[in-house]
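Observations on chain architecture
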Amino acid sequence: MAASLEQVGARYAPPPGGPLVVEGVSLVARAGEVVALLGANGAGKSTLLRLLSGLLVPAQGVVKLGGVDISGLDRRAVARAVALVPQSERAAEGFRVREVVAMGRAPHQDGWMRAGEADRAAVDDALDRCDLRGVAERAVETLSGGEQRRVAIARALAQKAAVLALDEPSAFLDVRHRLELYDLLADVAKRDKVACVVAMHDLDAAARVATRVVMLRGGRVVASGPPGEVMTPARLGETFDVELDAVVHGPSGARVFVALRAQRPAR
């Protein structure tokens, strides 16, 4: 399933008082792709994910899932199609890790939330892929911030949605789990044919795992395309108001971005 935003605009307050926080944005995420959203704080990345998951109604333009206008779908249908990992959320106190991950199965269950074999298999798979088996029976509020982040990602994986929308998923993760996360997203996209849309600040990871990059500034797209084409030091510098350089790590051939100094935003 492909997810698309077509010339969308959005605001958080009704007109005339609410300005558009994103305007004229178009993007497509197809099955098997990892689309990275890059931009400074306030550039509109989280807003686009909220539009994509149906949590925010566009002020202009259209959001489509599988070619169907999202406004014509009920919440259950949207939840079956899109799994969202928000930038932050409160821990579900009083629940074990396994129970929180199992909440991702809700769109596929009846009103009594009765779990079947497919539900249990999806939860076990998500726990394994997020390295949570060892803490599956612990109360989620007793976990570290990084572990809780992995629980949120596992819950989204258990949802088995065609589109995975993640807002800065590597926040709070240690180095090992950050690397494993981005390898996992690449694997989920390729093996499970999921369209992954990820808001992120890790330029090195974006260059390594993204199929395409969408760069945002002030709520508008400034560049879109394969990482090797659009992630140039000059364009990244203009997007983030920094001076930076890109070097190639010899043994791996990976591009590494080095921020040198901040620059004052252009008025």
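Look up: the structure comes first, before these words.
All of the points below concern the structure found in this document.

Conventions and cut-offs
Residues numbered from 1 in each chain as written. Predicted model: local features only at pLDDT ≥ 70, side-chain atom pairs only at ≥ 80, totals over all residues. Heavy atoms only, no water. Helix = DSSP H or I, 4+ residues; strand = E, 2+ residues; numbered from the N terminus. Expected span 1.5 Å × (residues − 1). Buried < 20%, exposed > 50% of the residue type's maximum accessible area, 1.4 Å probe, protein only. Contact = heavy atoms within 4.5 Å. Pairing = 2+ DSSP bridges. Axes fitted to C-alpha atoms, helices over the stretch in contact; angles between N-to-C directions. Salt bridge = Lys/Arg side-chain N within 4 Å of Asp/Glu carboxyl O.

Quick look at helix α5 (residues 145-158)
The terminal C-alpha atoms of α5 lie 20 Å apart, and with 14 residues this matches the ideal 20 Å at 1.5 Å per residue to within 8%. Most of α5 is tucked away, with eleven of its 14 residues classed as buried. Where α5 is buried, its residues touch β6 (82-85), α3 (97-102), α4 (117-129), β7 (163-167) and α6 (175-192). Taken from the residues just after α5, K160 is the one with a positive phi, measuring 55°.

Re the sheet that holds strand β2 (residues 22-29)
Pairing within the open sheet is antiparallel, and its four strands lie in the order β2-β1-β4-β5. Of all the strands in the sheet, the pair left with one neighbour each is β2 and β5 (68-69). In this sheet, strand β4 (residues 60-65) lies alongside strand β1 (residues 3-10) in antiparallel orientation, the contact comprising five bridges. Within the sheet, the bridge partner assigned to S4 lies in β4 and is K64. Sheet contacts for helix α1 (residues 45-52): β1, β2 and β4; angle to β1, the most-contacted strand, approximately 120°.

Considerations on unusual backbone geometry
The residue E168 is not glycine, and still its phi comes out positive at about 45°. Among the secondary structure elements, E168 is positioned in the loop between β7 and α6. Of note, K193 is a non-glycine position whose phi angle comes to about 55°, a positive value. Following the sequence through the fold, K193 ends up in the loop between α6 and β8 (195-199). For K193, a relative accessible area of 54% corresponds to the exposed category.

Here we look at the pattern of salt bridges
For the structure on display, the rule yields 25 salt bridges. For R129, the salt bridge goes to D192, with nearest N and O atoms at 3.0 Å. With R129 in helix α4 and D192 in helix α6, the pair connects residues that are 63 residues apart, well separated along the chain. You can call R129 buried: its relative accessible area is 19%. Measuring nitrogen to oxygen at the nearest pair gives 3.8 Å for the salt bridge that ties D192 to R191.

None of the figures reported here should be taken as evidence of function without further support.
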